[in-house]
Amino acid sequence: MTYQLHQLTKFCADHRITPKIVFVPSIQAGTALGVALARSGTDWINLRFSTPEDLARDLVEPTFIADGWMPLPKDADLVEFAPILREYLSDPDNVFFKNQPYSQGLLRTIHRTLRALRISGTSPETLLRQRDNHKLRAIAQLYATYQDCLETRRWYDGPDLFVAATDASDRAPKGAVYAILDETSLPGLARQFVRSVAGKNLRRIGRDHYGIPRPGTLAVSALEDVPTLPGPDCQPAGSLFVSTSDPPTIENVELRLCSGPEVEIDRALSRILTEGWPLDDVEIACSSPDLLEDAYGLTRQREIPSTYGAGVSILLTRPGQTVRSVLNWLLSGGDRQWLRALLDGRQLNANLSDANWPEPLVTLSKLQSADTVSTSEVANLCAALLREHVTTLTESEEPARDSLVARLEDLASHCQARGSITSVVGTLMDVVDQHRFDARSPQPGHLNVVPIDRAGFSGRSRLFVIGLDSSLFPGQPGEDPLLLDHERSRISDTLEVLRTRPAAQVWHLVRLLGLSPHAILSASTYRLSDGQESEPASIIHHLANATQKLPEIDPILPSDPEHSPDVSTWKLAWSRQAGDIDAYGTTVPWLTAGSTADRERIERSFTRYKGLTGAVFGDPEGLTWSASRLETLTRCPYRYFWRYVLRIDPPEEETRDTTRWLTPLEFGSLLHELYQLYMADLPDRDQPPSIDTGTNRILSLLDELIDTTTQTIAPPNPLAFKVDVERLRAAARVFVAEESKRPTDQIPRGFEVSFGFDENSGLSSPDPVRLSLGDLTIKLRGLIDRVDETSTGYVIWDYKTGSAFHYDSSDLLGGGQHLQWALYAHAFASMLAEKDAGEKIESGYYFASDREHGRKMLSTPPTRGELGQILKPVLSLAGRGAFPPIQKTSQCRFCDYKAICERDHVLPHSISTDLHPDVDKDLIDTATEWLST
Ligand code: SF4
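Residues numbered from 1 in each chain as written. Predicted model: local features only at pLDDT ≥ 70, side-chain atom pairs only at ≥ 80, totals over all residues. Heavy atoms only, no water.

### Some thoughts on the overall build of the chain
Thought 1: Secondary structure assignment for the chain yields 35 helices and 24 strands.
Thought 2: Relative to the globule expectation of 30 Å for 933 residues, the C-alpha radius of gyration of the chain, 38 Å, shows a markedly less compact shape.
Thought 3: Long-range contacts, defined here as pairs at least 24 residues apart, represent 76% of the contacts in the chain between residues at least 6 apart.
Thought 4: In the structure as shown, the chain presents an accessible area of about 42,800 Å², 50% of it carried by carbon and sulfur atoms.
Thought 5: In the chain, 96 positive and 127 negative side-chain charges are present, and the distance between their average locations comes to 3 Å. (Helix = DSSP H or I, 4+ residues; strand = E, 2+ residues; numbered from the N terminus. Rg over C-alpha atoms; globule rule 2.2 N^0.38 Å. Contact = heavy atoms within 4.5 Å. Areas by Shrake-Rupley, 256 points an atom, 1.4 Å probe, with all protein chains shown as cover. Lys, Arg positive; Asp, Glu negative; His and termini not counted. Charge placed at Lys NZ, Arg CZ, Asp CG, Glu CD.)

Rendered as structure tokens:
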């Protein structure tokens, strides 16, 4: 248990049922402490964790609301202040900022300074009382205008709450006792409030001595006179700088040096996984915002459940990047490359052909030529774009979109500022850049990732502190360029000075060392990415001296493959041991066998590693074939080998395409079912349908089918549903239009006519058909979509709902790639022979979708002998276990097995040369001959 938790436990025990209020730096810290207390078994009845501002809000907010005030929407003051500053800079009487052009940087700097002045309790009059100074006078003037703006809009903020609550501190719970964490921020007005509400009933939770300077605006310094609650000593490493005659023995700290900040995070995550530490036992504290972002990326990539106490930058998410690109598009004067990038990245679900621009983009585009635009309108349009056209998101990205939409809508409904498109967009861009979402308290089963100043409250037993090299930690002392530190000190002793921020970072690290039972500190001393070197921060040197241990160097490659947390690390670990293959071949024979196979597959010979299995598969004539199985074999025997011999199914798409309701397969099945239903129940099948009645009938059938399908396949979003429904309706209309043109002597007679599927009704036959194809006989089963009867015989149709790209009406067989239509024609002829022989049969494909507008390709099938000649060589190869890769780019481009076979391509002419000793020459010749045709 940490000393903080001990102090809290004692506080609760001493005031068991008295109301207790503990001031904490943030809600997340309060929740984390509450959970840690509960886990320690402490009874904490009547205890409340609150930030000073939250307590002030509780005391006085109802009065503000009753008087017609409302809380200041986040960033609304920045937006409203932008035109005020612009106008001020253009005023010829402005002396101090005379040559200063307006910029977003200047706006942010002045706005930050004004907020610091307000929270410190410094008034514009105080600034004016300073000796004659143009700068302070200018700041006072802007400050007064800023306050007027808040007042006019009747917005109250934190400083207003503190002032009112200090006067109303008698409304606090009667008889309450108070404690405050040393880490709680207490700028001027907050300090006055805490002292006024808590009075003498206040105690500090922290340490009396840290051994280093205390940050000026935290309770540890602002309430230095307040006694601390009794508690045990901190962890020994926390006393590093406290001078005692006996230096502490530090055993709970590990020091590590890495090559690159991202390696630091990677090593921390790997360590957690390999050691099997429960995630909710571990916290990672980062010294810089960049490291937090890297940690966010890596934890997501490795799917490690994590909470981020300070939230996540919206720019790391697709919704944030989308809005930023749209704002950049506006700033660039309409350069479409910004939008095209969004489409390419599938971030924007829209069509950018001129007639189909999304409505929000059309309106935004028009705004570009306006003299002035309102921030509210631009924010609203961006929110609408996010809501309606950024729909291709995964579930985990939706909170980011919702959070940004809420922020933009909030600004839109409260801001009145107007300005040129560039200034309005610039300010909104600033708001988006600063926006963070998903700030959450530590959760059970989750790793907690936080900045250093927010770490240590969850009482977790293991703490990683990363980014402790001198370039990042403790950071550079900065100054407010507008109000320098010495000016701030002169104006008010409650105004924060910024040069002490690095010292504050060190203080936070020292308190963390005092809190954590096991701390692992790491620094990056060499960045592999750019070769930059840096020194470990001085605290690492101090700790190395104190522990008498040099920091351990994390090797670039992990040293122990057995404990690697993932495959890539495992591979890296092996690679450092790679050497003579014979040396480890006996230990890991499967690895050397894999290596041999890999080498053989890359080489240009035809071996058992490349489709020539050497196994005898028996008589292909004994199998019952389907047309698609035969087509797979003729298109590429190697593909057949993957699918039907090794039975490797391509992995399913990890995520559904969120721009579509139905996958292409589901879409096609639904249309097949629709056409079957429509045709089977035609009131008068002998006549072509009229377009009007036919369309009404098919659309009503479609509505029913859509309704049933939504019950099993939920649409991912309304837009995707709408798009697919429109496409289905268009296909249905096309189908009826085509049917209305059907020749009157062509009568539909059969639908889904099957053979080999135990169906014995209508034209169907329960048994497979035996087809004699020259000197080859095969057993075939299948399902014919439709059979029409004509005055001279029959026409067989196979509905296609995809593209006709791969089909050629002048060569429907496509060199053996498209066998189905021909096989079905002969199969149907065989079936007829048993019932109604001697008819002429034509066969083909009916592209019954919106895409191909009902195009039909019909032909007289090749003779059975011709079909036999196509199938015989390849069936004979398959029977002898040979499945050569086809190596035709047209086939490989859309092949499901491309990823595992791309490197295996071999040109036919190379097969006969460079023969492997194992292979059968006759087989090679047959394969070469077949591949060459
Ligand atoms: S990638 Fe090409 S060679 Fe490999 S299985 Fe597919 S079609 Fe055949």
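### Some points on the domain arrangement of the chain
Thought 1: Parsing the chain into structural domains produces domain 1 (3-67 + 162-232), domain 2 (70-153), domain 3 (253-311 + 442-553), domain 4 (313-437) and domain 5 (664-869).
Thought 2: Between the C-alpha centres of domain 1 and domain 5 the distance comes to 76 Å. (Domains from an automatic or database assignment.)

### Here we look at the site of the ligand
Thought 1: Taken together, 10 residues lie around the ligand, and Cys636, Arg639, Cys892, Cys895 and Cys901 are the ones closest in.
Thought 2: Where the shell around the ligand is concerned, the elements lending two or more residues are α26 (637-645) and α33 (898-901).
Thought 3: Residue classes in the shell around the ligand are distributed as seven nonpolar, one polar and two charged. (Near = heavy atom within 4 Å. Nonpolar A, V, L, I, M, F, W, Y, C, P; charged D, E, K, R; others polar.)

### As for unusual backbone geometry
Residues other than glycine predominantly adopt negative phi, and peptide bonds predominantly adopt the trans conformation.
Thought 1: Geometrically, the link from Phe473 to Pro474 is a cis peptide bond, its omega value of 5 degrees lying close to zero.
Thought 2: Checked against the element boundaries, Pro474 lands in the loop between β15 (462-466) and α19 (485-491).
Thought 3: A positive phi is found at Asp758, a non-glycine position, where the angle reads about 60 degrees.
Thought 4: Even without a glycine there, the phi angle at His853 is positive, about 50 degrees.
Thought 5: Here His853 is to be found in the loop between β23 (840-847) and β24 (855-859).

### Quick look at the sheet that holds strand β1 (residues 20-23)
Thought 1: A sheet is described by the order of its strands in space; here four strands give the open sequence β2-β1-β5-β6, paired in parallel fashion. Of all the strands in the sheet, just β2 (47-50) and β6 (202-205) have a single pairing partner and so form its edges. Taken pair by pair, the neighbouring strands of this sheet meet at an average axis angle of 25 degrees, ignoring direction.
Thought 2: Here β1 pairs with β2 via four bridges, running parallel. Along β2, the bridge assignment pairs Ile21 with Arg48.
Thought 3: In the packing of helix α2 (residues 27-39) onto the sheet, the strands contacted are β2 and β5 (177-181), and the crossing angle to β2 comes to about 150 degrees. (Pairing = 2+ DSSP bridges. Axes fitted to C-alpha atoms, helices over the stretch in contact; angles between N-to-C directions.)

### A closer look at the packing of aromatic side chains
Thought 1: All chains considered together, the criterion is met by 32 aromatic pairs.
Thought 2: Judged by centre distance (5.7 Å) and plane angle (65 degrees), the ring pair of Trp797 and Tyr846 falls under edge-to-face. Of this pair, Trp797 sits in strand β22 (residues 793-800) while Tyr846 sits in strand β23, and the two are 49 residues apart along the sequence. Accessibility classification places Trp797 together with Tyr846 in one group, the buried group.
Thought 3: Taken together through their ring pairs, the aromatic side chains of Trp625, Tyr638, Tyr640, Phe641, Trp642, Tyr644, Phe883 and Tyr897 make up a single cluster.
Thought 4: Taking NZ or CZ as reference, Arg86 lies 3.9 Å from the ring centre of Tyr102, over its face.
Thought 5: Sitting over the ring of Phe667, Arg660 keeps its end group 5.3 Å from the ring centre. (Phe/Tyr/Trp six-rings, centres within 6.5 Å; stacked < 30°, edge-to-face > 60°. Buried < 20%, exposed > 50% of the residue type's maximum accessible area, 1.4 Å probe, protein only. Lys NZ or Arg CZ within 6 Å of the ring centre and 35° of its normal.)

### Description of helix α9 (residues 188-198)
Thought 1: For α9, a buried count of eight out of 11 residues is recorded, marking the element as mostly surrounded by other parts of the structure.
Thought 2: Residues of α9 that are buried include every one of Gly188, Leu189, Ala190, Arg191, Phe193, Val194, Val197 and Ala198, and no others.
Thought 3: Gly199 sits one or two positions beyond α9 and adopts a positive phi of about 55 degrees.

### Points about the pattern of salt bridges
Any two side chains of opposite charge can pair, given that their charged atoms come close.
Thought 1: What the rule picks out here adds up to 49 salt bridges.
Thought 2: Ionic pairing is found between Glu254 and Arg271, a salt bridge with its closest N-O pair at 2.9 Å. One end of the pair, Glu254, is in strand β7 (residues 253-258); the other, Arg271, is in helix α11 (residues 261-275), with 17 residues separating them in the sequence.
Thought 3: Among the residues examined, Arg271 registers a relative accessible area of 19% and is labelled buried. (Salt bridge = Lys/Arg side-chain N within 4 Å of Asp/Glu carboxyl O.)

### A word on the nonpolar core
Thought 1: Membership of the largest hydrophobic core comes to 95 residues, with the highest contact counts inside it found for Ile284, Leu327, Leu361 and Val378.
Thought 2: Once you skip the residues sitting within four places of it in the chain, Ile284 turns out to touch Ala268, Leu269, Ile272, Leu447, Asn448, Val449, Val450, Phe464 and Ile466.
Thought 3: Core analysis: the next-biggest nonpolar cluster, separate from the first, contains 57 residues, Val769, Phe847, Tyr897 and Leu923 among them. (Core = buried A, V, L, I, M, F, W, Y, C linked by side-chain atoms within 4.5 Å.)

### Points about the environment of Thr592
Thought 1: Tracing the backbone shows Thr592 in helix α24 (residues 589-602).
Thought 2: According to the relative accessible area criterion, Thr592 is buried, its value standing at 16%.
Thought 3: Along the primary structure Thr592 and Pro768 are separated by 176 residues, whereas in three dimensions their C-alpha atoms are 46 Å apart.

### Thoughts on the packing of helix α13 (residues 318-331) against helix α16 (residues 375-389)
Thought 1: At a minimum axis separation of 11 Å, α13 and α16 run at an interaxial angle of 135 degrees. Our classification of the angle between α13 and α16 gives oblique. Handedness of the α13/α16 crossing: right-handed. Residues Pro319, Val323, Val326, Leu327 and Leu330 of α13 pack against Val378, Cys382, Leu385 and Leu386 of α16. (Parallel < 35°, antiparallel > 145°, perpendicular 65-115°, else oblique. Left-handed = near helix turned anticlockwise from the far one by under 90°.)

### Re the sheet that holds β15
Thought 1: Strand order in the open sheet made by the seven strands is β9-β14-β8-β15-β16-β7-β17, with parallel pairing throughout. Every interior strand has two partners, whereas the edge strands, β9 (306-308) and β17 (552-553), have only one.
Thought 2: Bridge count for β7 against β17 is two bridges, and the pairing is parallel. Bridging across to β17, Leu257 finds its partner in Ile553.

### Some thoughts on the pairing of strand β19 (residues 747-755)
Thought 1: In terms of residue burial, β19 counts as a mostly covered element, since seven of its nine residues are buried.
Thought 2: Bridging between β19 and strand β21 (residues 776-789) involves seven bridges; their strand directions are antiparallel. If you follow Ser754 over to β21, its bridge partner there is Leu783.

### Quick look at the environment of Arg118
Thought 1: One can find Arg118 in helix α5 (residues 104-120).
Thought 2: Separated by 610 residues in the primary sequence, Arg118 and Leu728 have C-alpha atoms spaced 61 Å apart.
Thought 3: There is a polar contact of 2.7 Å between the side chain of Arg118 and the side chain of Asp157.
Thought 4: At 3.1 Å, the side chain of Arg118 and the side chain of Asp160 are in polar contact. (Polar contact = N/O pair within 3.5 Å; in protein donor to acceptor, adjacent residues only side chain to side chain.)

### A word on the side chain of Ser764
Thought 1: Within the secondary structure layout, Ser764 lies in the loop between β19 and β20 (769-773).
Thought 2: A polar atom in the side chain of Ser764 sits 3.0 Å from the backbone nitrogen of Ser754.

### Some points on the packing of helix α4 (residues 76-90) against α5
Thought 1: Where α4 meets α5, the axes come as close as 10 Å, and the angle between the chain directions of the two elements is 110 degrees. By the angle between their directions, the pair α4 and α5 is classed as roughly perpendicular. Handedness of the α4/α5 crossing: right-handed. Touching Asp77, Leu78, Phe81, Ala82, Leu85 and Leu89 of α4 are Leu106, Leu107, Arg108, Ile110, His111, Leu114 and Arg115, all from α5.
Thought 2: Its residues assigned to classes, the contact of α4 with α5 comprises nine nonpolar, one polar and three charged.

### Overview of the environment of Pro885
Thought 1: With respect to the secondary-structure elements, Pro885 resides in the loop between α31 (864-879) and α32 (889-893).
Thought 2: Judged by its relative accessible area of 4%, Pro885 falls in the buried class.

### Details of helix α27 (residues 664-680)
Thought 1: Its 17 residues place the ends of α27 24 Å apart at the C-alpha level, agreeing with the 24 Å of an ideal helix rising 1.5 Å per residue.
Thought 2: When α27 is considered as a whole, its buried residues turn out to be Phe667, Gly668, Leu670, Leu671, Leu674, Tyr675, Tyr678 and Met679. Viewed end-on, α27 has its buried residues packed into an arc of 160 degrees, placing them on one side of the element. (Expected span 1.5 Å × (residues − 1). Arc of directions from axis to C-beta.)

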